[in-house]
Amino acid sequence: MSRSDTPIRNRIRTLRFHHDEMTQQELADRVGVTRQTINAVENGRYAPSLEVAFRIAAVFDVPLGEVFQYEPGSA
């Protein structure tokens, strides 16, 4: 599924930038996943499990809806 095919959008790159330019590896380490997983989620190639999505939001100390947005009809 390409980025344009998925109805789930995210702001991970922006949030990483605003958190001292956190690297994908740093985020992955804090979430407990691989850097490749973070990269795939960030680029819209993979939708994370609900648990991983909540962990990502917790790292940035924001509600889930500030990280991920569901845009029905865009798939």
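The structure presented is a predicted model; accordingly, all values stated were derived computationally and were not measured.

Analysis parameters
- Residue indices begin from 1 for each chain and proceed along its sequence in written order.
- Only residues with pLDDT of at least 70 get local features here, since the model is predicted, and only at 80 or more are side-chain atom pairs given and counted; chain-wide, interface and lining totals rely on the full set of residues.
- As a rule here, side-chain values cover all heavy atoms of the structure and leave hydrogens and water aside.
- Only protein atoms enter the calculation, which uses a 1 Å grid: trapped sets of points that fit a 1.4 Å probe without letting it out are cavities, open sets showing protein on both sides within 12 Å along at least five of seven lines are pockets, and any residue with an atom within 4 Å of a point is a lining residue.
- Grid points are joined across faces, edges and corners, and a volume is the space filled by probe spheres set on the points.
- Under the convention adopted here, Pro, Cys and the residues Ala, Val, Leu, Ile, Met, Phe, Trp and Tyr are nonpolar, Asp, Glu, Lys and Arg are charged, and Gly plus all remaining residues are polar.
- Salt bridge criterion: a side-chain nitrogen from Lys or Arg within 4 Å of a carboxyl oxygen from Asp or Glu.
- Per the convention used, a helix needs a DSSP run of H or I reaching at least four residues, while a strand needs a run of E reaching at least two, with both numbered from the N terminus.
- Residue burial is assigned from relative accessible area. The probe radius is 1.4 Å, only protein chains are included, and a residue is buried under 20% of its type maximum, exposed over 50%, and partly exposed in between.

Go over empty space enclosed by the protein, please, and point to the residues and values.
To find leftover empty space, a probe the size of one water molecule is rolled over the atoms. Overall, the coordinates contain one cavity of 30 Å³ or more when judged by the stated rule. What lines the largest cavity is simply Thr-6, Ile-8, Asn-10, Val-41, Gly-44, Tyr-46, Ala-47, Pro-48 and Phe-68. Within the lining of the largest cavity, the residues separate by chemical class into six nonpolar, three polar and no charged.

Lay out the pattern of salt bridges with the relevant residues and their values.
All told, the structure shown has three salt bridges when counted by the stated rule. Across the pair Glu-42 and Arg-16 runs a salt bridge, and its minimum N-O distance is 2.8 Å. Separated by 26 residues along the polypeptide, Glu-42 in helix H3 (residues 35-42) and Arg-16 in helix H1 (residues 12-18) bring together distant segments of the chain. Owing to a relative accessible area of 7%, Arg-16 belongs among the buried residues under this scheme. In this structure, the salt-bridge partner of Glu-51 is Arg-55, at a minimum N-O distance of 2.4 Å. Here Glu-51 and its partner Arg-55 are both found in helix H4 (residues 50-60), four residues apart, which amounts to about one turn of the helix.

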